[in-house]
Each structure stands twice: as C-alpha cells, then as structure tokens.
Amino acid sequence: MAGRAAWRHTPSDVVFRAVPGGTFRMGLSDEELIAARALEWIGEADESLACFFAAAGQARPVREVRVEPFLIARHPLTVAQARHWLPEYEDAFAESDTETARLDDDLDDLLEALPFRLPSEAEWEYAARAGTTTLTFRGNVRPDEDQVLGDFADEERVAANENAFGLAAMGSANEICADVWIPHFTDAPADARPRTGDGPRVVRGGGGDLSPWQGCDEWTLLFSATRGPEQDFTAVRPVAPVPSG
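**Side note on the nonpolar core**
Nonpolar side chains tend toward joint burial in soluble globular proteins.
Moving on, step 1. By size, the foremost hydrophobic cluster in this structure holds 41 residues, and its most contacted members are Phe-52 and Phe-70.
Moving on, step 2. Elements supplying a minimum of two residues to this core: strand S3 (22–26), helix H1 (30–41), helix H2 (50–54), strand S4 (63–67), strand S5 (70–73) and helix H5 (121–129).
Moving on, step 3. Here Phe-52 is in contact with Leu-28, Leu-33, Ala-36, Thr-220, Phe-223 and Thr-226, once residues within four sequence places are set aside.
Moving on, step 4. Residues Ala-73, Leu-77, Trp-85 and Leu-110 belong to the second largest nonpolar core, which totals 23 residues.

Below, the structure written as structure tokens:
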C-alpha cells in the first residue's frame, strides 16, 4: 500500500491510515477561486462555472483550523465491508461487492452498528488536502475522470490515486460527515469539532456518483473545499482514534 503504515480492522477488512495533527486553512480560498476562474478562461470548463461560483460562499469564510491526529479509512466502505455490519444490505448502485457502498434508508442502521465514528467536516477536508492548498491534492488542474474510483479491487489503481496521507477516492463518492449542514463557515469553530444541530448533515465529494460525466462540470465535486447538504444516498468513510502506544 504505497509503503505507508496502515491499520486493518480484521473482521471487516477496513484499512485505516494515520493522519497527523496540524493546522490548515479550511474553505475555498481566494487563490482557489482565481485558479477555478483560470480553468474557465482557458476553456477547461464544459460550461460556465457560474453555478460553482454562486455556491462559493457556502465554503467561506476561510479560517485556520486545528486538527488532532486520527485514523481514517483508506477509502469509503465497500458493499462487502458494509455487509459486515448490515448482513442484509443490498446496493442497487453497485455492480460488485468491491464498489463503494451507497447508503440511503439504511444509513442510520449502519452508523448505529459501526464501532467507528464519522469524520467531522474539518477532518475530511484536512485529510483530502493532505497538506496542499490547491483545488485538489493534484494541483490547480481540471481532474480527469479516470481519477474517480468506484471499484477497489484493483490495488495498483487505488495506490496510484492516493494522496500524501495514503487516502484514495477523496471526492469520488458523496461522503457524509458528522456536521449538520450550515451554508457558510461564519462563526465555525477553530478546531475540528463537528457543528451540531437539526437538519441534514454535510456531504463532501460526489464526482464519481455522476460518472460517466455528462459535461456539466461534475469534476468540481472533486475539489477539496466543495461541500453541500445531504441528499438521497451517501457513502461512509469511518474515523477511529490513533492507537495508544
């Protein structure tokens, strides 16, 4: 696994990576907005990015956030892994047990059965950025559709798509976070605690849920700062504490 340390939850076969603690600038920065505008100017966008820019305020204002070390799954739970806790789980979206599990009405049942927690939104973005400050961990370029991962049986492909923290498929699936959806970061905490309250949770990513892309700039869902409210089905990438000793 790219020579990086990993912790395996043997019963479910979920592999976790260690994410070091640190601080980062969370949210869609002015520099990222300029980079996205540059992609539009040079014709990389399929259409106008007006919708993306109209929603930019949902990922602002940018602020510095402190994050403690944690473990996070290398990729979202697969159908087979979800079935470890929900034996009767069926997935109408997946063609194989190695694809990402997309939960809907059974999401609460899975979260209740999991011995792990959801990442906070800050933890998710910190993990996705992996020390970078660009649109994706690959830089300020338009993501390619072959970077979207929906099947984890091909170890070589998964390893090739890991970021610096050893995490794959960040942004591919619509991943749920622990935070309640609030359409801005005003007064958000300076640590990685999830924001609580009533309403839908935050989701991150989703570029792979719309694959094959239809030319509507779905690739912007792969950006580290892109966020939205929970709708319909979602994927789960669990988090665990760093082992002591």
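Now that the structure is up, let's keep going.
**Details of the sheet that holds strand S7 (residues 201–204)**
Moving on, step 1. Read across the sheet, 3 strands follow the order S6-S7-S8 without closing on themselves; strand pairing throughout is antiparallel. The strands lining the two open edges of the sheet, one partner per strand, are strand S6 (175–180) and strand S8 (227–229). Along the sheet, successive strands turn relative to each other by an average axial angle of 35°, direction set aside.
Moving on, step 2. Note: S7 against S8, 3 bridges, orientation antiparallel. Pairing of Arg-204 across the sheet is with Arg-227, part of S8.

**Re H5**
It helps to recall that an α-helix has 3.6 residues per turn; residues three or four apart then point in one direction.
Moving on, step 1. The element H5 is extensively covered by neighbouring structure, given that 9 of its 9 residues are classed as buried.
Moving on, step 2. Residues Glu-121, Ala-122, Glu-123, Trp-124, Glu-125, Tyr-126, Ala-127, Ala-128 and Arg-129 constitute the buried set of H5.

**Here we look at the packing of aromatic side chains**
Moving on, step 1. Under the criterion given, the structure shown has 8 aromatic pairs.
Moving on, step 2. A ring pair is formed by Trp-219 and Phe-223, whose centres lie 5.8 Å apart and whose planes are at 70°; its orientation type is edge-to-face. Grouping residues by exposure puts Trp-219 and Phe-223 together as buried.
Moving on, step 3. The ring of Phe-53 has Arg-37 sitting right over it, with the charged end atom 3.7 Å from the ring centre.
Moving on, step 4. Of note, Arg-63 hangs over the ring of Phe-185, and the distance from its end group to the ring centre comes to 4.9 Å.

**Examining H1**
Moving on, step 1. Over its 12 residues, H1 runs 16 Å from end to end, which matches the ideal 16 Å to within 8%, given 1.5 Å per residue.
Moving on, step 2. When we look at burial in H1, the residues that qualify are Glu-32, Leu-33, Ala-35, Ala-36, Leu-39 and Glu-40. Angularly, the buried residues of H1 cover 160° about the axis, an arc narrow enough to put them on a single face. Residues Glu-31, Ile-34 and Trp-41 are exposed on H1 and point more than 90 degrees away from its buried face.
Moving on, step 3. Looking at the packing, one finds that the buried side of H1 touches H2 and H5.
Moving on, step 4. Phi turns positive, to about 85°, at Gly-43, one or two residues after H1.

Conventions and cut-offs
- Residues numbered from 1 in each chain as written.
- Predicted model: local features only at pLDDT ≥ 70, side-chain atom pairs only at ≥ 80, totals over all residues.
- Heavy atoms only, no water.
- Core = buried A, V, L, I, M, F, W, Y, C linked by side-chain atoms within 4.5 Å.
- Buried < 20%, exposed > 50% of the residue type's maximum accessible area, 1.4 Å probe, protein only.
- Helix = DSSP H or I, 4+ residues; strand = E, 2+ residues; numbered from the N terminus.
- Contact = heavy atoms within 4.5 Å.
- Pairing = 2+ DSSP bridges.
- Axes fitted to C-alpha atoms, helices over the stretch in contact; angles between N-to-C directions.
- Phe/Tyr/Trp six-rings, centres within 6.5 Å; stacked < 30°, edge-to-face > 60°.
- Lys NZ or Arg CZ within 6 Å of the ring centre and 35° of its normal.
- Expected span 1.5 Å × (residues − 1).
- Arc of directions from axis to C-beta.

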